[in-house]
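# Summary of the model geometry
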Amino acid sequence: MEKMRMMLVDDEERYLQTTQKLIEKKGVEVLTALSGKEALEKLKSKNIHVVILDVKMPEMDGNETLKAIKTLYPLVEVIMLTGHATVDSAIDGLKSGACDYLMKPADIDEILEKAREAFEKRQRLEEKIRIAQSKKFMRSPREILKDDNE
Amino acid sequence: MMNKKDSRQEEQGEQVKRSILNNMIVLPFIPFLLAIGVSFYFFTTALQSNTNSSLKRIVNDHRDMIESFLMERKADLELITNTFDFEQINEKESIDLIFENLKKRSNAFVDLGLFDSHGVHVSYSGQYQLKGKDYQEEHWFKEVMQKGYYISDIFLGYRNIPHFVIAVRQGTGEARWALRATIDTLFFEGLVSKVRIGKTGEAYILNKNGIAQTLKRSGGIQILEKDPDASDFPVPENGIQAFVKSDFTGNTYLYATTWLKNKEWLLVVRQEKKDAYDSLYSALYISLIIMLIGGTVILMAAVFMTERILKKIQQLGREKETLGHQLIRASQLAEIGEMAAGFAHEINNPLQIIKSEHALVETLMEEVFETLDPGKNEDMVDIKDSLAQIKLQVNRCAEITQAILKFGRKNETKQQPLDPCRIIPEIVQMIEKKAMVGGIKFIKNISEDTPGFMGNPSQFQQVMLNLFNNAMDAIAEQHGVSGGVLKIEACHKDENFLAIKITDNGKGISPENIEKIFSPFFTTKPVGKGTGLGLSVCYGIIKSFGGTMEVTSEQNVGTCFVVTLPAIHQ
């Protein structure tokens with residue numbers, strides 16, 4: 001089974017470093033990005049399953065980044081990390097396609113738990129896609145060739 | 001400072017009072033005086049013209065009456081002279097007979113005499129000895145011989161008593177003769193002065209020289225005396241002259257005069273002005289009384305109304321002042337809230353870092369601990385304890401910032417109609433178990449006609465839970481685990497509001513604390529147990545629903561929170 005690979009996006013460098021260490025200690029592979037742009041850059045080259053995204057960031061903020069991620073990589077699951085105590089600011093994120101949200105300050109365990117849930121969700125989705133595709137191939141084996149041509 | 005402000009306000013109040021009072025008095029007085037003045041003016045002019053015309057009418061009637069009397073008497077004599085000739089009348093006794101007959105026609109005749117062409121009184125019937133006297137040089141005789149008839153002024157004559165005569169002539173040349181009758185002055189006077197107008201109305205006759213021909217009822221002048229007032233009477237040309245004049249006694253009279261007897265006599269009818277205008281004076285008195293009473297009423301009403309208006313103004317002023325204070329307080333609260341929210345938001349990021357650092361340290365310590373020599377365990381326990389403390393305190397900070405953010409957040413939640421009959425029981429259900437454990441009797445009394453209101457369900461739930469939890473804490477402190485009563489009531493307050501009331505029998509709130517109960521960061525709970533934000537958050541939420549929150553409390557008896565919310569009209 002595939003291992004989860006996640007990415008932390010926050011403008012606080014120290015937070016990224018520490019959290020990365022902690023998560024890696026738990027045996028989960030984790031990348032970091034200091035801004036939305038960097039995150040999109042890394043998503044281009046690496047296969048990432050779950051993104052933990054801070055809402056409040058300079059330049060490109062969390063919601064913008066989220067929208068960009070969702071249009072470019074719809075299968076990537078995003079969890080919003082919000083400084084606002086209210087659900088409302090997270091609701092916007094959820095509406096734009098985030099799968100969950102976390103309140104600052106969040107425990108490492110909390111972050112990992114939510115990330116795992118999101119990963120499972122993604123895996124279930126990928127599973128469904130695989131089944132659907134294999135059904136398609138079974139109906140018409142030529143489809144494989146077609147897929148290759150594209 | 002306070003005194004200065006007070007005195008200035010008082011001065012202002014005094015000014016306002018004066019101007020209101022002035023307006024209240026002056027404005028009603030203008031139409032009031034106009035009404036009285038105009039009606040008085042029209043009344044007096046109507047009365048004056050009325051009095052004048054009635055006086056003129058009386059003069060007119062009276063003149064006709066006197067003229068016809070004189071003409072009748074003249075006609076009586078002419079009847080005799082036409083019926084009998086000089087000899088017939090001159091016959092012995094016959095003049096007495098004629099005079100008897102004449103007296104039957106009118107009681108005005110006093111005597112009757114026959115005169116020949118030389119003015120000798122040839123025959124006489126009457127009580128004076130005038131027979132044989134020569135009248136040739138008398139004025140009346142000359143006149144009658146010339147004109148054919150003559151009515152004299154009052155004169156004394158041979159008998160030396162005021163009287164007047166009517167004479168007629170018959171025949172021409174040497175054969176001329178005349179018949180003369182004397183008119184009873186008393187009778188004539190009675191006839192003239194018969195006029196009665198008011199108390200002082202009187203009629204009298206003057207000749208053209210102003211000599212009194214009859215007596216005035218008011219006295220003052222004898223017959224044949226000159227009337228001192230007559231000299232400056234305006235002369236009536238052909239009709240009737242009416243005028244106002246003061247007589248020599250100083251009284252003012254209304255006069256009406258007209259000529260009699262070919263402008264030889266002047267008929268005067270007069271009435272004292274005071275008498276004629278009697279009703280005018282009563283009208284004046286009534287007007288004055290009305291003015292006095294009306295004025296007093298207006299004054300009293302003005303004073304009364306002014307007092308009331310002023311009281312109202314003062315009350316409004318006070319209300320405005322309290323409203324101003326409230327506004328200031330509200331805006332201060334809002335500012336504090338915003339500031340706190342920004343602050344809390346910024347604090348969250350470092351807190352997040354601390355938290356992750358702590359987690360890292362904790363993990364690393366676990367690893368180090370395993371490799372450590374057991375002798376140093378004690379220190380490790382201290383370090384662990386310290387780490388746990390860091391975690392606890394960070395969490396506490398997080399709790400505070402979250403509460404602040406809830407409080408300071410702008411109203412961005414969606415509101416929806418909420419039915420208190422449904423949502424309150426739902427919330428109550430959530431804490432009923434906890435209440436039971438605390439030995440608290442829960443009384444629910446939500447009347448079915450309680451109207452709905454606009455609000456956010458989770459926020460409303462937050463408010464209710466906060467109030468319930470506070471109440472249960474207060475009960476626990478007062479009663480321990482039995483004897484607590486927590487009451488929740490909801491009902492229609494008035495047309496536009498509903499009220500939700502939460503009453504407990506807990507330890508109550510002291511009067512000095514009740515003032516600060518909705519202020520942020522105010523708490524009576526021990527350090528670390530409460531943030532002091534609960535009620536201020538509730539207050540903010542209820543305010544965002546358009547409602548108000550009030551509290552009454554008595555120490556050791558209980559507390560009552562009343563949430564008032566605007567009702568939805570169906």
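Scroll up for the structure.
Quick look at the structure, then. Chains are numbered independently. Their residues run from 1 in the order of the written sequence. Ligands are numbered from 1 and chains lettered from A, in the order in which they are written. In view of the model being predicted, local features appear only for residues whose pLDDT reaches at least 70, and side-chain atom pairs are presented and counted only at 80 or more, with totals across whole chains, interfaces and linings using the full set of residues.

Here we come to the overall build of chain A. Here a strand is any run of E in DSSP of at least two residues, a helix any run of H or I of at least four, and the numbering for each starts at the N terminus. Regarding its fold elements, chain A presents six helices and five strands. Each helix (α) and strand (β) of chain A, taken in turn from the N terminus, gives the series β-α-β-α-β-α-β-α-β-α-α. As a rule, residues whose C-beta atom has 12 or fewer other C-beta atoms within 10 Å are exposed, those with 20 or more are buried, and those in between are partly exposed; C-beta atoms are placed from the backbone. Taken over 150 residues, chain A has a buried fraction of 38%.

Once that is clear, we can look at the sheet that holds strand 2 (residues 121-125) of chain B. All names here are of chain B. The pairing criterion for strands is at least two bridges between them, as found by DSSP. Strands sit in the order 2-1-5-4-3 across an open sheet of five strands; the sheet is antiparallel. In this open sheet, the two strands that pair with only one neighbour each are strand 2 and strand 3 (149-151). Recorded for the sheet is a direction-independent mean angle of 15° between the axes of neighbouring strands. Inspection of the sheet shows strand 3 paired to strand 4 (residues 164-170) by three bridges, in the antiparallel sense. Between the N-to-C directions of two axes lies an angle of 0 to 180 degrees, each axis being a line fitted to C-alpha atoms and, for a helix, fitted only over the stretch in contact.

Let's shift gears to unusual backbone geometry. In this chain, K104(A) is followed by P105(A) through a cis amide linkage whose omega measures -10°. In this fold, P105(A) is placed in the loop between strand 5 (100-103) and helix 5 (108-139). Its identity is not glycine, yet N262(B) carries a phi of approximately 55°, on the positive side. Note on placement: N262(B) falls in the loop between strand 8 (252-260) and strand 9 (265-272). When the 8 C-beta atoms within 10 Å are taken as the criterion, N262(B) is described as exposed.

So, about the environment of F86(B). Within the secondary structure, F86(B) sits in helix 2 (residues 86-90). The class for F86(B) is buried, based on 21 C-beta atoms found within 10 Å.

Once that is clear, we can look at the packing of helix 10 (residues 457-479) of chain B against helix 12 (residues 534-544) of chain B. Residue and element names in this part refer to chain B. Close contact between helix 10 and helix 12 brings their axes to 9 Å; oriented N to C, the two are set at 145°. Of the two possible hands of crossing, helix 10 and helix 12 adopt the one that is left-handed. Contacts between helix 10 and helix 12 involve Q459, Q462, V463, N466, L467 and N470 on the former and, on the latter, G534, L535, C538, I541 and I542. Side-chain classes follow a simple rule in which Ala, Val, Leu, Ile, Met, Phe, Trp, Tyr, Cys and Pro form the nonpolar group, Asp, Glu, Lys and Arg form the charged group, and the remainder, Gly included, forms the polar group. The class makeup of the residues in the contact of helix 10 with helix 12 is six nonpolar, five polar and no charged. In this scheme the crossing of two helices becomes right-handed for a clockwise turn of the near helix relative to the far one and left-handed for an anticlockwise turn of less than a right angle. Here, residue contact means that the backbone-derived C-beta atoms of the two residues sit within 7 Å.

Residues and elements named next belong to chain B. The biggest cluster of nonpolar side chains holds 52 residues, and the ones touching the most others in it are A167, A181, I205, L267 and V269. If near-sequence neighbours (up to four positions away) are discounted, V269 is found in contact with L55, I58, V59, H62, V195, A203 and A256. Any nonpolar core is a set of buried residues, restricted to Ala, Val, Leu, Ile, Met, Phe, Trp, Tyr and Cys, that join up through C-beta atoms within 7 Å. The next biggest cluster of nonpolar side chains, apart from the first, holds 40 residues, and it includes M464, F468, Y539 and A567.

All right, on to the packing of helix 2 (residues 36-45) of chain A against helix 3 (residues 62-72) of chain A then. Residue and element names in this part refer to chain A. Relative orientation of the contacting elements helix 2 and helix 3 amounts to 15°, with a least axis distance of 10 Å. By the criterion of interaxial angle, the relationship of helix 2 to helix 3 is roughly parallel. Judged by the twist between their axes, the crossing of helix 2 over helix 3 is right-handed. For the pair helix 2 and helix 3, contact is made by G36, A39, L40 and L43 and by E64, T65, A68, I69 and L72, respectively. Tallied by class, residues from the contact of helix 2 with helix 3 come to six nonpolar, two polar and one charged. Any angle between 65 and 115 degrees counts as roughly perpendicular, while under 35 counts as roughly parallel, over 145 as roughly antiparallel, and the rest as oblique.

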